[in-house]
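# Results of the structural survey
Read off the chains here:
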Amino acid sequence: MLDEILHPCGIQYTLVDGYIVLKSVVRDDTGKTPAKPELFTVCGIITDSATREVMIGAAVYIRETGTGVTSNNYGFYSLTLPAGVYTLQTSYVGYTFQSKILDLSGDIRRNILLNQSPYTLKEIIINPFSQEQLVFSSLAAQTHVDPLLSSGNRLHLARLICSNRSTTFRG
């Protein structure tokens, strides 16, 4: 029905991911409208190369068109494109990025194996001081601490502050 309406107006349509995309048709010198471009599908399953587990949510991207999909719960992906040569890029967090040239002149089933990419994290330093030592250090650093408080009394004061007890001090 769309062909009957749009063809006389010189408009061509294609379905892309459930959307109707309209574009004007260039007529050749004979006045004939060129045929619609033939669409082909590339599909497959993305798996881990070591464990052969399916990769749920792996990204598959066509660089030339800017279109892409993610693999479903079974690791399956599918893209429908006009005939041509494309760069098929695949990525997944913790795995190496893959890029392959794809000559799409017919339907293709292309399964993809992804390799794990080991990476190291920066070191994490855990502070060896306890909360009690930090409070004591901050009390000792203050210049207005009563000089009559001995170091034993300061340690007791630090323990009281850290123990969440309500204590009143008089100076």
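Attention now moves to the sheet that holds strand β4 (residues 59-62). Strand order in the open sheet formed by four strands is β5-β4-β7-β8, and the pairing between neighbours is antiparallel. Taken across any chain shown, the strands that pair with only one partner, and hence form the sheet edges, are β5 (67-70) and β8 (98-104). Between one strand and the next, the sheet's axes are offset by a mean angle of 20°, whatever the strand orientation. Note that β4 and strand β7 (residues 84-91) share four bridges and pair antiparallel. Along β7, the bridge assignment pairs V60 with T90.

To continue, consider the pairing of strand β3 (residues 39-48). Most of β3 sits inside the fold, with seven of its ten residues counted as buried. As judged from the seven bridges shared by β3 and strand β6 (residues 76-82), these two strands associate in the antiparallel manner. Considered in β6, the bridge of T41 is made with T80. One ladder, built from two bridges, connects β3 with strand β9 (residues 108-109); its direction is parallel. Residue pairing in the sheet places C43 in a bridge with R109 of β9. As judged from the three bridges shared by β3 and strand β10 (residues 112-114), these two strands associate in the parallel manner. Among the inter-strand pairings, D48 is bridged to a residue of β10, identified as L114.

On to the packing of aromatic side chains. Per the stated rule, a full pass over the model turns up one aromatic pair. Relative to Y95, the ring of Y92 has its centre 5.5 Å away and its plane inclined at 70°; by these criteria the two rings are edge-to-face. With relative accessibility at 29%, the residue Y92 sits in the partly exposed group. For Y95, a relative accessible area of 18% translates into the label buried.

For I112, the position within the fold is in strand β10. Under the relative-accessibility criterion, I112 is labelled buried at 1%. For the pair I112 and Q98, spaced 14 residues apart in sequence, the C-alpha to C-alpha distance is 9.0 Å. Ignoring sequence-local partners within four residues, the contact set of I112 consists of I45, I46, T47, Y77, L88, T90 and Q98.

About the cut-offs
- Residues numbered from 1 in each chain as written.
- Predicted model: local features only at pLDDT ≥ 70, side-chain atom pairs only at ≥ 80, totals over all residues.
- Heavy atoms only, no water.
- Pairing = 2+ DSSP bridges.
- Helix = DSSP H or I, 4+ residues; strand = E, 2+ residues; numbered from the N terminus.
- Axes fitted to C-alpha atoms, helices over the stretch in contact; angles between N-to-C directions.
- Buried < 20%, exposed > 50% of the residue type's maximum accessible area, 1.4 Å probe, protein only.
- Phe/Tyr/Trp six-rings, centres within 6.5 Å; stacked < 30°, edge-to-face > 60°.
- Contact = heavy atoms within 4.5 Å.

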